[in-house]
Amino acid sequence: MSVSHSSRLNKLVREQYMRLPQDGKVQVTYVWIDGSGEGVRCKSRTLDKEPKSIEDVPEWNFDGSSTAQAEGSNSDMFLVPVCMFRDPFCLDPNKLVLCEVLKYNRKPAETNLRHTCKKVMDLVKDSHPWFGMEQEYTLLGINGHPYGWPDNGFPGPQGPYYCGVGADKVYGRDIVESHYKACLYAGVKICGTNAEVMPSQWEFQVGPCEGIEMGDHLWMARFILHRVCEDFGVVATLDPKPMTGNWNGAGCHTNYSTEEMRREGGLK
């Protein structure tokens, strides 16, 4: 099975250090979307006390030339905290913080689509728009081959894998359940999960969320998924068609309603 070298390190040794007291200090991990518009990055800093709200988390900065977001000659980028979650990896009182990215001149970075989305959501806030999103993904080995698939072949035809049960029908359930629990701990509004049509393909659902909260919770759920997979030594891809041929694709279905639509007879 193709897994990363880091996943084979002795995790019991790590636990020895993770149990050490922090003397009132708090680790805050800043999370942001990089220049690809798809990848996430993170880095951590120490605060003197536990932040009680997002306003207690200071802005920070990073080198945008290393994330495809700036030229090397002028690479300072700002991280502006927008949504805070509990940290399921370092545990309480530590935090995960989703951030918007601003350029050196305080204008939104090209991949900071949240900035404009927030303006739109504020304009329509009286309609109370609700969203629920269903994120499909595929688990890959570190070699890019679907996790659990034969090294030099393919699994049986699609049919028994969707919502399947059994070692010959689902691959990587430990990862899926760990991600689910980590999201619940963090405060992400995850509401379900299931195995998908293609073996090694899974889905989780987030919502209902109102307004900009939808994007914040979906992106943090994605970040947590990548971090959980890192611990297990595999890769989660959101590629819409990771395997060519007659294999199911992966998407992110969106469910939407306004307050008017949710009233009796409102959909009509």
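Residues numbered from 1 in each chain as written. Predicted model: local features only at pLDDT ≥ 70, side-chain atom pairs only at ≥ 80, totals over all residues. Heavy atoms only, no water.

**Q** Quick question: what am I supposed to make of the packing of helix 3 (residues 173–186) against helix 4 (residues 213–232) here?
**A** The description of two packed helices rests on the angle between their axes and on the distance between the axes. Running from N to C, helix 3 and helix 4 cross one another at 135°; their axes reach a closest spacing of 9 Å. Between helix 3 and helix 4, the angle falls in the class oblique. Considering the relative orientation of helix 3 and helix 4, their crossing is right-handed. Residues Asp174, Ile175, Ser178, His179, Ala182, Cys183 and Ala186 of helix 3 touch helix 4, and the partners they reach there are Ala221, Ile224, Leu225, Val228, Cys229 and Phe232. Tallied by class, residues from the contact of helix 3 with helix 4 come to 10 nonpolar, two polar and one charged. (Axes fitted to C-alpha atoms, helices over the stretch in contact; angles between N-to-C directions. Helix = DSSP H or I, 4+ residues; strand = E, 2+ residues; numbered from the N terminus. Parallel < 35°, antiparallel > 145°, perpendicular 65-115°, else oblique. Left-handed = near helix turned anticlockwise from the far one by under 90°. Contact = heavy atoms within 4.5 Å. Nonpolar A, V, L, I, M, F, W, Y, C, P; charged D, E, K, R; others polar.)

**Q** Honestly, the UniProt feature "domain: GS beta-grasp" (unreviewed entry) in the protein in this entry has me stumped. Any pointers?
**A** In the numbering adopted here, UniProt assigns the feature "domain: GS beta-grasp" (unreviewed entry) to residues 26–106. Taken as a whole, residues 26–106 contains 0% helix and 48% strand, while its terminal C-alpha atoms sit 27 Å from one another. (UniProt positions renumbered as here; feature names shortened; annotations may be inferred.)

**Q** Quick question: what am I supposed to make of unusual backbone geometry here?
**A** Peptide bonds are, in most cases, trans, and in most cases residues other than glycine have a negative phi. Between Asp92 and Pro93 the backbone carries a cis peptide bond, its omega angle lying at 10°. Locating Pro93 in the fold gives a position in the loop between strand 4 (76–86) and strand 5 (95–102). Put simply, Gly207 and Pro208 share a cis peptide bond, and its omega is -5°. For Pro208, the location among the structural elements is in strand 8 (residues 201–210). One non-glycine residue with positive phi stands out, namely Asp23, at about 55°. When its relative accessible area of 72% is taken as the criterion, Asp23 is described as exposed. Despite not being glycine, His128 has its phi angle at roughly 50°, a positive value. Structurally, the position occupied by His128 is in the loop between helix 2 (114–123) and strand 6 (130–140). Accessibility expressed as a relative area gives 30% for His128, which makes it partly exposed. (Buried < 20%, exposed > 50% of the residue type's maximum accessible area, 1.4 Å probe, protein only.)

**Q** Help me understand the pairing of strand 5 in this model?
**A** Side chains on a regular strand alternate between the two faces of the sheet. In terms of residue burial, strand 5 counts as a mostly covered element, since eight of its eight residues are buried. Both faces of strand 5 are covered, namely the face carrying Lys95, Val97, Cys99 and Val101 and the face carrying Leu96, Leu98, Glu100 and Leu102. The sheet contact formed by strand 1 (residues 26–33) and strand 5 spans four bridges and is parallel. The residue of strand 5 that forms the bridge with Thr29 is Leu96. (Pairing = 2+ DSSP bridges.)

**Q** Just to check I follow, could you spell out the domain arrangement of the protein for this structure?
**A** Put simply, an interface is often sized by how much accessible area is lost when its parts join up. Taken domain by domain, the protein comprises domain 1 (5–123) and domain 2 (126–262). A separation of 22 Å is found between the C-alpha centroids of domain 1 and domain 2. Opposite the 23 residues of domain 1 that make contact, domain 2 presents 22 residues. When the buried area of domain 1 at its contact with domain 2 is split by residue, Phe85, Phe89 and Met121 rank highest and sum to 31% of it. Inspection of the domain 1/domain 2 interface yields one salt bridge. At the junction of domain 1 and domain 2, the tally comes to four residue pairs in polar contact (both at pLDDT 80 or more). Of all the secondary-structure elements, those providing two or more residues to the side of domain 1 that touches domain 2 are strand 1, strand 2 (40–47), strand 4, strand 5 and helix 2. If one sorts the elements of the side of domain 1 that touches domain 2 by residue count, helix 2 sits on top with four residues. (Domains from an automatic or database assignment. Buried area = accessible area lost by both parts, 1.4 Å probe. Salt bridge = Lys/Arg side-chain N within 4 Å of Asp/Glu carboxyl O. Polar contact = N/O pair within 3.5 Å; in protein donor to acceptor, adjacent residues only side chain to side chain.)

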